[in-house]
Amino acid sequence: MDPATAPRAGTTATRTTHQSLVEAIREAILHGEFVADQRLVEADLSERFDAGRAAVRAALLELTNEGLVERVANRGARVRAVSLDEAVEIYEVRMALEALCAAKAAERVTPEQATELGELGQAMREAVAAGDLTGYSELNQQLHRRVREIGGQGTAARVLERLRAQLVRHQFRLALQPGRPSVSLPEHLAIIEAVRAHDPEAARVAAQAHLASVIEALRRVPRG
């Protein structure tokens, strides 16, 4: 191998460590361990994640580019708070992308995947019947993720993951709305049935209807 083109020792390991740190901090934000407007102190993160200060700084820069973290002059980094108005805008973008992914999934779904989606829909029914809001919320995320994966639209999927990360606080508030699962369940089931039926147009319409419903519910959430 030409020494000039050989990979430098440690490059892959460094990249892997960086990505792992980014994912660890991202997951902490997604799971509410770090809340909106909370300061992210490099020394604390370095100790918590057993990483160097330079690595933490690089990870925070990447999360800033994703819109999860913001830098405040003379204050360092903090978890970025997404306003209700911005959340509505993000959901409007999600509506277009989720509709695309659902239509693609309807074109590509295999019999095995159709069966999997049917089982996922049944699990969602059971969670709502049992009043299991946490379980239903997890199944909700799983459904959207599987539809994106089946659709195979990688670019849309990556954008959606970034957008979803910015909506954590608002998704939690929506999940607590009385009766919200009983509204969203039939919307999710409509997406499942359209995908399983290999009907791209019906899948697109069902996904758009679901996100439009989410936007309407979000607009009813008290501000503050």
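Residues numbered from 1 in each chain as written. Predicted model: local features only at pLDDT ≥ 70, side-chain atom pairs only at ≥ 80, totals over all residues. Heavy atoms only, no water.

## Considering the overall build of the protein chain
Then comes step 1: Along the backbone of the protein chain there are 10 helices and three strands.
Then comes step 2: Ordered by position from N to C terminus, the α and β elements of the protein chain give α-β-α-α-β-β-α-α-α-α-α-α-α.
Then comes step 3: Expressed as a percentage of its 224 residues, the buried residues of the protein chain come to 41%.
Then comes step 4: Taking the intrachain contacts of the protein chain between residues at least 6 apart in sequence as the baseline, contacts between residues at least 24 apart amount to 72%.
Then comes step 5: Accessible area for the protein chain stands at about 12,000 Å²; split by element, carbon and sulfur atoms hold 53% of it. (Helix = DSSP H or I, 4+ residues; strand = E, 2+ residues; numbered from the N terminus. Buried < 20%, exposed > 50% of the residue type's maximum accessible area, 1.4 Å probe, protein only. Contact = heavy atoms within 4.5 Å. Areas by Shrake-Rupley, 256 points an atom, 1.4 Å probe, with all protein chains shown as cover.)

## Some remarks on the nonpolar core
Then comes step 1: Ranked by size, the top nonpolar core spans 24 residues in total, and within it Val109, Leu117, Met124, Leu143, Val195 and Ala203 carry the most contacts.
Then comes step 2: Sorting the residues of this core by element identifies α4 (84-108), α5 (111-129), α6 (133-151), α9 (180-196) and α10 (200-219) as the ones contributing at least two each.
Then comes step 3: No other element matches α9, which puts six residues into this core.
Then comes step 4: With residues up to four places along the chain from it excluded, the contact list for valine 109 reads Ala114, Leu117, Ile150, Val195 and His198. (Core = buried A, V, L, I, M, F, W, Y, C linked by side-chain atoms within 4.5 Å.)

## Comments concerning the sheet that holds strand β2 (residues 69-72)
Consider a sheet: its strands pair through backbone hydrogen bonds, and that pairing is either parallel or antiparallel.
Then comes step 1: Strands sit in the order β1-β3-β2 across an open sheet of three strands; the sheet is antiparallel. The open sheet terminates on both sides in strands that have one partner only, identified here as β1 (39-40) and β2.
Then comes step 2: With four bridges joining them, β2 and strand β3 (residues 76-79) adopt antiparallel strand pairing. Bridge pairing links arginine 71 to alanine 77 in β3.
Then comes step 3: In the packing of helix α3 (residues 53-66) onto the sheet, contacts are made with β1, β2 and β3, and the angle to β2 comes to roughly 110°. (Pairing = 2+ DSSP bridges. Axes fitted to C-alpha atoms, helices over the stretch in contact; angles between N-to-C directions.)

## Looking at the side chain of arginine 146
Then comes step 1: Tracing the backbone shows arginine 146 in helix α6.
Then comes step 2: Residue arginine 146 is classed as buried on the basis of its relative accessible area of 16%.
Then comes step 3: A polar contact is formed between the side chain of arginine 146 and the side chain of glutamate 116, at a distance of 2.8 Å. (Polar contact = N/O pair within 3.5 Å; in protein donor to acceptor, adjacent residues only side chain to side chain.)

## Comments concerning the pattern of salt bridges
Then comes step 1: Scanning all chains against the criterion turns up 16 salt bridges.
Then comes step 2: In this structure, glutamate 187 and arginine 180 form a salt bridge, with 3.8 Å as the shortest nitrogen-oxygen distance.
Then comes step 3: Since its relative accessible area comes to 9%, arginine 180 is described here as buried.
Then comes step 4: Among the charged side chains, a network of salt bridges with common partners joins Glu42, Arg53, Arg57 and Arg71. (Salt bridge = Lys/Arg side-chain N within 4 Å of Asp/Glu carboxyl O.)

## Some words on the confidence of the model for the protein chain
Then comes step 1: Mean pLDDT for the protein chain: 85, with 86% of residues reaching 70 or above.
Then comes step 2: Confidence, read as mean pLDDT per element, is least for helix α8 (residues 168-175) in the protein chain (63) and greatest for α5 (97).
Then comes step 3: Taken together, the stretch residues 1-13 has pLDDT below 50 and engages in two contacts with residues farther than four places along the chain or on a different chain. (pLDDT = per-residue confidence, 0-100.)

## A look at the side chain of glutamate 187
Then comes step 1: With respect to the helices and strands, glutamate 187 occurs in helix α9.
Then comes step 2: Using a relative accessible area of 16% as the deciding quantity, one classes glutamate 187 as buried.
Then comes step 3: Looking at glutamate 187, its side chain comes within polar contact range of the side chain of serine 213, at 2.7 Å.
Then comes step 4: Contact partners of glutamate 187, with chain neighbours within four places excluded, come to Arg180, His210 and Ser213.

## Details of the packing of α5 against α9
Then comes step 1: Taken N-terminus to C-terminus, the directions of α5 and α9 make an angle of 170°; their axes are 10 Å apart at the nearest point. Classed by the angle they form, the pair α5 and α9 counts as roughly antiparallel. Mapping the contact onto sequence places Ala114, Leu117, Gly118, Gly121, Met124, Arg125 and Val128 in α5 and Pro181, Leu185, His188, Leu189, Ile192, Val195 and Arg196 in α9.
Then comes step 2: Taken together, the residues that form the contact of α5 with α9 break down as nine nonpolar, three polar and two charged. (Parallel < 35°, antiparallel > 145°, perpendicular 65-115°, else oblique. Nonpolar A, V, L, I, M, F, W, Y, C, P; charged D, E, K, R; others polar.)

## Topic: the packing of α4 against α10
Helix-helix packing: each pair is described by the crossing angle between the helix axes and the interaxial distance.
Then comes step 1: Put simply, α4 and α10 touch, their axes get as near as 7 Å, and they point 165° apart. Accordingly, the angle class assigned to the pair α4 and α10 is roughly antiparallel. Relative to α10, the crossing made by α4 is right-handed.
Then comes step 2: Across the contact of α4 with α10, the residue classes tally to 17 nonpolar, one polar and six charged. (Left-handed = near helix turned anticlockwise from the far one by under 90°.)

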